[in-house]
Number of protein chains: 4
Amino acid sequence: MINQVTLVGRLTRDPELRKTSDGLPVTTVTLAVSRQFRNQHGEIEADFVQCTIWKKPAENTVQYCRKGSVVGVTGRLQTRHYDNKEGKRVYVTEVVAESIRFLGAKPNYAQAEPPPTVTVTVTKEELPF
Amino acid sequence: MINQVTLVGRLTRDPELRKTSDGLPVTTVTLAVSRQFRNQHGEIEADFVQCTIWKKPAENTVQYCRKGSVVGVTGRLQTRHYDNKEGKRVYVTEVVAESIRFLGAKPNYAQAEPPPTVTVTVTKEELPF
Amino acid sequence: MINQVTLVGRLTRDPELRKTSDGLPVTTVTLAVSRQFRNQHGEIEADFVQCTIWKKPAENTVQYCRKGSVVGVTGRLQTRHYDNKEGKRVYVTEVVAESIRFLGAKPNYAQAEPPPTVTVTVTKEELPF
Amino acid sequence: MINQVTLVGRLTRDPELRKTSDGLPVTTVTLAVSRQFRNQHGEIEADFVQCTIWKKPAENTVQYCRKGSVVGVTGRLQTRHYDNKEGKRVYVTEVVAESIRFLGAKPNYAQAEPPPTVTVTVTKEELPF
DNA sequence: TTTT
DNA sequence: TTTT
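Remember, predicted model here, so these are calculated numbers, not experimental data.

### With respect to the relation of the copies chain A and chain C
Two chain copies, one operation linking them: a rotation about an axis together with a shift along it.
1) Next: Note on the copies: chain A fits chain C at an RMSD of 0.0 Å, the axial shift is 0.0 Å, and the rotation between them is 180°. Taken together, the rotation and translation describe the operation of a two-fold axis.
2) Next: In this assembly the copies share their binding face: 100% of the residues contributing to the interface of chain A also contribute to that of chain C.

Right, here's the structure in full:
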């Protein structure tokens, strides 16, 4: 079975580094990917795709990217579900990144506020390795 | 911006042909795509990806595929949202197929029950052309 | 059968518009795609991929791109062969572009020398439609 | 820079296992990928794409595939050149496989003639890792 | 709501 | 909850 995704788009917000309880770095970004066609009002819309990035690429993303940065992501589609507080099942489809490329002009982020790191609990089910 | 998806998987159920009020054929299938790794219980899981297929490829899918058929889909990721009856916003990520290939042994479906066609209302927003 | 290629790289030279005898615009570009790993001398090399672009996208490429422009190409691999003047068979593998995206900073090429158009003979075999 | 290829096609011959002098398993296969359109004589042609497969996937390919087997390959395009005995430079474009999937009915190859293993010299330049 |  |  084959499951291959390639996206180039812009980050919708500053990425934030999280850590699993085992110390694995992870970040979750949303890519805004402009469509190649216009809607009935003549506007170009975008698709907003959730991407999960693990380990070293996660750290690089947080270090080198900000809201609006153009990135290329290759990876695979992953689906999962959970039950929300109303007891309703919620279905999630996201991209697990295999690699991420930083495209476009690289602004100088050296003096930027270092983004905080949060320790989170990630279920083993979510791990892509 | 680039948005490219390639999947090979199995249909989770018999596809069903629908028609928009303008007469456009459309079908929505779910592809079960086996993962290439095992979970903590040693099992191989699958991702279940929603795919929307339009026009002639929709008709071909309904004619030539059944539950369990292996198909290859190329297309793009599309996101949308709607508010459910509880007034909660629901986010949907799906693949809009550009092309579909029928892989694997083709069973003889000639004598199969012809699947019904339903006329549905599809918002213009959902149309990928 | 599935045949899907996605590339992001830089043009190795200014693109040049050609026309088939039927008046179809076509341009052939080479994309330099940097590898993600270093060779035994610690250098990053690139792959140089031939891409054929037809019709409106060909015209856009010649108008908006120059040597060094970053572009994203989706398409399919195509192989062909011919016999050179020494009578030896030469095998060619290239990408036929389905779409091309102009990424990165768009310089102002308005006042640039308009590139020449050449009429060429293209065998029907080479046409991807 | 992004370099992503997905192919589904048939092996044009039985795969043969080779070994580099360091003991790395490698096999080179050609995939026949049928086109989705007909030429001017109404025939469907195919593209013949060279693929290089390394390590465990190489061994699996030789063990489980034969001429005609349907396989899915994901990987990246690689270009290289060498000078032939006439002193002419020859350019090669091939796919370096990242993963390979065995699709379609799996015949029982248990009693098949075990294919021979040959030790070959592969330049470090060709190694994709 | 999931396929072999 | 959305980017330029």
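### Considerations on the protein's contact with DNA strand F
1) Next: Surrounding DNA strand F, one finds R10, L11, T12, T30, A32, A46, F48, K67 and G68 of chain A together with R89 and Y91 of chain B.
2) Next: At 3.3 Å from a sugar or linking oxygen of DNA strand F is found a side-chain nitrogen or oxygen belonging to R10 of chain A.
3) Next: Side-chain polar atom of R89 of chain B to a phosphate oxygen of DNA strand F: 3.4 Å apart, as the coordinates give it.
4) Next: Among the secondary structure elements, those contributing two or more residues to the surface near DNA strand F are β1 (2-11), β3 (25-38) and β4 (44-54) of chain A together with β6 (89-103) of chain B.
5) Next: For the surface near DNA strand F, the residue count by class is 5 nonpolar, 3 polar and 3 charged.

### Remarks on the pattern of salt bridges
1) Next: Summed over all chains, the structure comprises 24 salt bridges over all chains.
2) Next: Note that D47 of chain A is salt-bridged to R35 of chain A, the shortest N-O span being 2.7 Å. With a gap of 12 residues between them, D47 of chain A in strand β4 and R35 of chain A in strand β3 connect regions that are remote in the sequence.
3) Next: The class of D47 of chain A is buried, set by a relative accessible area of 1%.
4) Next: Note that D83 of chain A is salt-bridged to R89 of chain A, the shortest N-O span being 3.1 Å.
5) Next: Overall, the relative accessible area of 45% leaves D83 of chain A in the partly exposed class.
6) Next: Overall, R89 of chain A belongs to the partly exposed group, its relative accessible area being 44%.
7) Next: Within the structure, one salt-bridge network assembled from shared partners comprises R35 and D47 of chain A together with R76 of chain B.

### Quick look at the packing of aromatic side chains
Residue and element names in this part refer to chain A.
1) Next: Under the defined criterion, the tally for this structure stands at 4 aromatic pairs over all chains.
2) Next: Judged by centre distance (5.9 Å) and plane angle (50°), the rings of Y64 and F102 are tilted. Taken together, the residues span a long stretch of sequence, with Y64 in helix α1 (residues 55-64) and F102 in strand β6 (residues 89-103) at a distance of 38 residues.
3) Next: Classification of Y64 as partly exposed rests on a relative accessible area of 38%.
4) Next: Under the relative-accessibility criterion, F102 is labelled partly exposed at 23%.

### Details of the relation of the copies chain C and chain D
1) Next: When chain C is brought onto chain D, the operation consists of a screw motion whose angular component is 180° and whose axial shift is 0.0 Å, with 0.0 Å RMSD remaining.
2) Next: Both copies contact each other with a shared surface, as 100% of the interface residues of chain C are interface residues in chain D too.

### A short note on the environment of T27 of chain A
Residue and element names in this part refer to chain A.
1) Next: Within the secondary structure, T27 sits in strand β3.
2) Next: Along the backbone, T27 and Q40 are 13 residues apart, and their C-alpha atoms lie at a distance of 35 Å.
3) Next: When near neighbours in sequence (up to four residues on either side) are disregarded, T27 contacts P15, E16, C51, T52, I53, A58, T61 and V62.
4) Next: Polar side-chain contacts of T27 include one of 2.9 Å to the backbone oxygen of E16.

### Regarding the protein's contact with DNA strand E
1) Next: Around DNA strand E sit R89 and Y91 of chain A together with R10, L11, T12, T30, A32, A46, F48, K67 and G68 of chain B, and that is every residue in its neighbourhood.
2) Next: Backbone atoms, meaning sugar plus phosphate, form 39% of the atoms of DNA strand E positioned within 4 Å of the protein.
3) Next: R89 of chain A is positioned such that a nitrogen or oxygen atom in its side chain is 3.4 Å from a phosphate oxygen of DNA strand E.
4) Next: A distance of 3.3 Å separates a sugar or linking oxygen of DNA strand E from a polar atom in the side chain of R10 of chain B.
5) Next: Elements that contribute at least two residues to the surface near DNA strand E include exactly β6 of chain A together with β1 (2-11), β3 (25-38) and β4 (44-54) of chain B.
6) Next: Split by residue class, the surface near DNA strand E holds 5 nonpolar, 3 polar and 3 charged.

### A closer look at the interface of chain C and chain D
1) Next: Residue-level contacts link 35 residues of chain C with 35 residues of chain D.
2) Next: Summing the contributions of chain C and of chain D, the shared interface buries around 2900 Å²; its carbon and sulfur component is 51%.
3) Next: Here chain C and chain D share 4 salt bridges between them.
4) Next: The partner of K88 of chain C in a salt bridge is E86 of chain D, and the shortest N-O contact between them spans 3.6 Å.

### Some details on the pairing of strand β5 (residues 70-83) of chain B
Residues and elements named next belong to chain B.
1) Next: The element β5 is largely enclosed, with a buried count of 10 among its 14 residues.
2) Next: Bridge count for β1 against β5 is 6 bridges, and the pairing is antiparallel. Bridge pairing in β5 places T6 opposite T74.
3) Next: In this structure, β5 lies alongside β6, joined through 14 bridges in antiparallel fashion. In the sheet register, G75 faces β6, and the bridge partner there is A97.

### Quick look at the interface of chain A and chain C
1) Next: The interface of chain A with chain C comprises 5 residues on the first partner and 5 residues on the second.
2) Next: Of the roughly 480 Å² buried between chain A and chain C on both sides combined, carbon and sulfur atoms contribute 68%.
3) Next: Contact with chain C buries surface across chain A, with T6, Q36 and R101 of chain A losing the most and accounting together for 60% of the total.
4) Next: Put simply, chain A and chain C have 0 salt bridges between them.
5) Next: Between the two partners, chain A and chain C, sit 2 residue pairs in polar contact (both at pLDDT 80 or more).
6) Next: Counting residues per element, the ones that place at least two in the side of chain A that touches chain C are β1 and β6 of chain A.

### Details of helix α1 (residues 55-64) of chain C
All names here are of chain C.
1) Next: For α1, every residue scored as buried is listed here: A58, T61 and V62. When α1 is viewed along its axis, its buried side chains cluster within an angular range of 95° and face the same direction.
2) Next: Those residues of α1 hidden inside the fold are in contact with β2 (17-19), β3 (25-38), β4 (44-54) and β6 (89-103).

Parameters at a glance
- Residues numbered from 1 in each chain as written.
- Chains lettered and ligands numbered in written order.
- Predicted model: local features only at pLDDT ≥ 70, side-chain atom pairs only at ≥ 80, totals over all residues.
- Heavy atoms only, no water.
- Least-squares fit on C-alpha atoms with pLDDT ≥ 70 in both.
- Contact = heavy atoms within 4.5 Å.
- Near = heavy atom within 4 Å.
- Polar contact = N/O pair within 3.5 Å; in protein donor to acceptor, adjacent residues only side chain to side chain.
- Helix = DSSP H or I, 4+ residues; strand = E, 2+ residues; numbered from the N terminus.
- Nonpolar A, V, L, I, M, F, W, Y, C, P; charged D, E, K, R; others polar.
- Salt bridge = Lys/Arg side-chain N within 4 Å of Asp/Glu carboxyl O.
- Buried < 20%, exposed > 50% of the residue type's maximum accessible area, 1.4 Å probe, protein only.
- Phe/Tyr/Trp six-rings, centres within 6.5 Å; stacked < 30°, edge-to-face > 60°.
- Buried area = accessible area lost by both parts, 1.4 Å probe.
- Pairing = 2+ DSSP bridges.
- Arc of directions from axis to C-beta.

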